[in-house]
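What follows is each chain in one-letter form.
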Amino acid sequence: QVRSVESGGGSVQTGGSLRLSCAGSGYIVGSYCMGWFRQAPGKTREKVATIDREGSTKYEDSVKGRFTISKDNAKRTADLQMNSLKPEDTAMYYCAAGDRLCDTFWYWGQGTQVTVSS
């Protein structure tokens, strides 16, 4: 089954950092736009950050300046470095592969939990 595999979640205090990693199982990360998404309990899933095939990035407003998305071609992963974490960042984080315009995403993973305590 082609899917994404997320890792790196955990529990931190406000102001802490975590690095999430997404590997492609059955597909090559470098061939797609890669996106990180999150869903908190009772809320809809939101797009957090994307990086296209050329390396251009986009971020949701609330994470700009704190999160950085990148691709590691050697490791074949798409990573999300999260700094200055806030309790409102608490959510299940998912990654997925997307089309060239980063509009439609597929190959979803099972997610990794991020919990930020105050």
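Up top is the structure.
It should be emphasised that the depicted structure is a prediction, and the values quoted were computed from it without experimental measurement.

Regarding the pattern of salt bridges
Side chains carrying opposite charge are able to pair once their charged atoms draw close together. Applying the stated criterion across every chain yields a total of seven salt bridges. A salt bridge links Arg 38 to Glu 46; its shortest N-O distance comes to 2.6 Å. Among the residues examined, Glu 46 registers a relative accessible area of 28% and is labelled partly exposed. Residues Glu 54 and Arg 100 are paired through a salt bridge, measuring 3.4 Å at the closest nitrogen-oxygen approach. Within this pair, whereas Glu 54 is found in the loop between β5 (46-51) and β6 (57-59), its partner Arg 100 is found in the loop between β9 (91-98) and β10 (105-106), the two being separated by 46 residues in sequence. Here the salt bridges share partners, and the residues they tie into one network are Arg 38, Glu 46, Glu 60, Arg 66 and Asp 89.

Notes on the pairing of strand β11 (residues 112-117)
The two faces of β11 differ: Thr 112, Val 114 and Val 116 on one face are buried, but Gln 113, Thr 115 and Ser 117 on the other face are not. Bridge analysis of strand β2 (residues 10-13) against β11 gives four bridges, and the strand direction is parallel. Pairing of Gly 10 across the sheet is with Val 114, part of β11.

Observations regarding the environment of Cys 33
In this structure, Cys 33 sits in strand β4 (residues 33-39). Assessed through its relative accessible area of 0%, Cys 33 is described here as buried. Note: C-alpha distance between Cys 33 and Thr 104 (71 residues apart in sequence) is 9.5 Å. Among all residues touching Cys 33, those that are not within four sequence positions of it are Thr 50, Ile 51, Asp 52, Arg 53, Ala 96, Ala 97, Gly 98, Asp 99, Cys 102 and Phe 105.

About the thresholds
- Residues numbered from 1 in each chain as written.
- Predicted model: local features only at pLDDT ≥ 70, side-chain atom pairs only at ≥ 80, totals over all residues.
- Heavy atoms only, no water.
- Salt bridge = Lys/Arg side-chain N within 4 Å of Asp/Glu carboxyl O.
- Buried < 20%, exposed > 50% of the residue type's maximum accessible area, 1.4 Å probe, protein only.
- Helix = DSSP H or I, 4+ residues; strand = E, 2+ residues; numbered from the N terminus.
- Pairing = 2+ DSSP bridges.
- Contact = heavy atoms within 4.5 Å.

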